[in-house]
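# Report on the structure
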Amino acid sequence: MSKTKYIFVTGGVTSSLGKGIISASLAKLLQARGYRVTIQKFDPYINIDPGTMNPYEHGECYVTDDGAETDLDLGHYERFLGVTTSQANNVTTGRIYQTVIDKERQGQFLGKTVQVVPHITDEIKRRICLLGETGDYDIVITELGGTVGDIESLPFIESVRQIIWEKEDQECAVIHLTLVPYLAAAKELKTKPTQHSVKAMLEYGVQPDVLVCRTEHPLGADLRKKIALFCNVKANAVIESIDVETIYDVPLKMQKEKLDKVILSHLKLPNKVEPDLDSWKDFLWRLKNPKQEVNIAIVGKYVELPDAYKSIAEAFIHSGSENETKVRVQYLHSELINEENVKSKLDKFDGVLVAPGFGERGIEGKISTIKYVRENNIPFLGICLGMQCAVVEFARNVVGLEGASSSEMNPDTKYPVIDMMAEQKAIVKKGGTMRLGSYPCQITKGSKAYQAYGKGKIQERHRHRFEFNNKYLESFEKAGMQCTGVNPESHLVEIVEIAEHPWFVGVQFHPEYRSTVDNPHPLFVRFVKAAGEFAQKKD
Ligand code: GLN
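Residues numbered from 1 in each chain as written. Predicted model: local features only at pLDDT ≥ 70, side-chain atom pairs only at ≥ 80, totals over all residues. Heavy atoms only, no water.

Glancing now at helix α6 (residues 154-166). The α-helix winds at 3.6 residues per turn, so residues separated by three or four positions along the chain end up facing the same way. Its 13 residues place the ends of α6 18 Å apart at the C-alpha level, agreeing with the 18 Å of an ideal helix rising 1.5 Å per residue. Every buried residue belonging to α6 is among Pro-155, Phe-156, Ile-157, Glu-158, Ser-159, Val-160, Gln-162 and Ile-163, and all of these are buried. Where the residues of α6 are buried, they touch β1 (5-11), β2 (37-43), α4 (93-105), α5 (116-130), β6 (139-144) and β7 (172-179). (Helix = DSSP H or I, 4+ residues; strand = E, 2+ residues; numbered from the N terminus. Expected span 1.5 Å × (residues − 1). Buried < 20%, exposed > 50% of the residue type's maximum accessible area, 1.4 Å probe, protein only. Contact = heavy atoms within 4.5 Å.)

Next up, the structure:
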């Protein structure tokens, strides 16, 4: 295979049209035809990464193996493709400017005036082509965040224009995602916003090759023809993206619309091999034909915005399909749970997940939740802060350490059972300074975690500052909470379990980031299984 090909995905009309899912779906189809594909996302905001952003602003912060704090779309890429991404797959305006400004301070521009064009656009272009130049990929899909016409998107669109100009004709393709709204009063789908959006692209010198039209109603042949004519694309390059039951239907829908074929023929790449999507179809079949149902509560404080727990929600979809079980997830606000109402709040659930998070808000609700599930044998999975809360609850109510806490919540606690690591204490900067990315963990044989993974050595991703305080390990183990997973080098506690409980597992890492369609995460799979068993016993 010769040169790497570049596909750019832009968005018009409104945000939230699902560029990430379309990009991931196209990548899936190309991968299923044997191409080596990766996806990267360029975000137009000034933050260096979303790591310091509140989940309400930006949804979940997705963490890669190499410890990059990235946009949640990277989670979709990994879940769809089953390949890992890295820092190189997510670049923000902030990062671009930081690089250029650092170079300027080092005098690398030799006395020149440093400008958006060419210096910022050169840096954008360099980063767009970085993964392509590794030789590891046949196709690099670049998703541009934001909407065409936004002030901050301009340097990115200009960079795409320049790359297309610099490369040969068949090296690049541009997919523009737009909305075709339905006006109920007129009983009509409207193409004008799409026309305007394409016009805006043309003003910047970029002609889309393919239009993916989000719509709530089928686009008729006439409408497709009209869009093609006025937007200057071939008739077969108007792709309908109608609302579907699950995001995992999108690759098949795009295959039906021949998005992959249109793109391959534009890029002059062979499309003889039909995509092998058998395992994907099996996954979907199991997802849509469950044999039983479980109710799972996710207890957290960002519940108003389910995107804050995106990877967890997706991991439940993967593990539900694996168990042929419909997982009904309900989000419960931790601030609204207390000792008095916890029974009525949790009564109907077959499993409870206490979510990751930062800061004190909602902590006591999480602790009341954990006490209830521990005492009532309800399957429990605690992730990161959820695990830390399980440790605090156990310290207070079983080990007998009254007032025990995490030093994140109460720096003056007499019993800091969760405490900051020595090397973290010296750090004052917030961005990118947590324990981030993949670390090894050794699991004890015979534990629930071992049963789930089926092996002792694992790697999982982290994003936290605080840790189990090993000073208390012995008293915990004596009281019945075991450390069943430990970092072999630092001896930091990674997994805690209560052997007497049917399924009580707390993990300091984030298993949800590694769950994919092809490899549902083993802890989620086992947790859903345990919830299924609990549900059956209840009936
Ligand atoms: N706030 C906790 C810490 O920093 C947990 C973080 C998390 O849940 N991701 O250790």
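That covers the picture; the talk isn't over yet.
Here we come to the site of the ligand. Taken together, Pro-356, Gly-357, Phe-358, Cys-384, Leu-385, Gln-388, Glu-408, Arg-463, His-464, Arg-465, Phe-466 and His-510 are the residues near the ligand. In the environment of the ligand, an oxygen atom lies 3.0 Å from a nitrogen or oxygen atom belonging to the backbone of Leu-385. Note that a nitrogen atom of the ligand is positioned 3.3 Å from one of the side-chain N or O atoms of His-510. Look at the ligand: alone it shows 290 Å² of surface, and the protein chains cover 99% of it. Secondary structure elements with two or more residues in the shell around the ligand: α15 (385-399) and β19 (457-464). Per-class residue counts for the shell around the ligand are five nonpolar, four polar and three charged. (Near = heavy atom within 4 Å. Polar contact = N/O pair within 3.5 Å; in protein donor to acceptor, adjacent residues only side chain to side chain. Areas by Shrake-Rupley, 256 points an atom, 1.4 Å probe, with all protein chains shown as cover. Nonpolar A, V, L, I, M, F, W, Y, C, P; charged D, E, K, R; others polar.)

Further remarks concern the sheet that holds strand β17 (residues 416-420). Through backbone hydrogen bonds, the strands of a sheet pair up, either in parallel or in antiparallel fashion. Read across the sheet, three strands follow the order β16-β17-β20 without closing on themselves; strand pairing throughout is mixed. At either end of the open sheet lies a strand with only one pairing partner, and these are β16 (405-406) and β20 (466-468). Sheet analysis places β16 next to β17, joined by two bridges and oriented parallel. When the bridges of β17 are listed, Ser-406 appears paired with Ile-418. Contacts from α15 reach β16, β17 and β20, with the element oriented near 145° to β17. (Pairing = 2+ DSSP bridges. Axes fitted to C-alpha atoms, helices over the stretch in contact; angles between N-to-C directions.)

Of all six residues in strand β10 (residues 210-215), five are buried, a share of seventy percent or more. One ladder, built from five bridges, connects β7 with β10; its direction is parallel. Looking at β10, one finds that His-176 is bridged to Leu-211. Direction of pairing for β10 relative to strand β11 (residues 238-242): parallel, over a ladder of five bridges.

So, about the sheet that holds strand β5 (residues 90-92). Strand order across the open sheet formed by seven strands is β5-β2-β6-β1-β7-β10-β11, with parallel pairing between neighbours. Of all the strands in the sheet, the pair left with one neighbour each is β5 and β11. Taking the axes of each pair of neighbouring strands and ignoring which way they run, one obtains an average angle of 20° across the sheet. Against the sheet, helix α8 (residues 221-231) engages β10 and β11, with an angle of about 130° to β11. Of the strands in this sheet, β1, β7, β10 and β11 are in contact with helix α10 (residues 259-266), which crosses β7 at around 145°.

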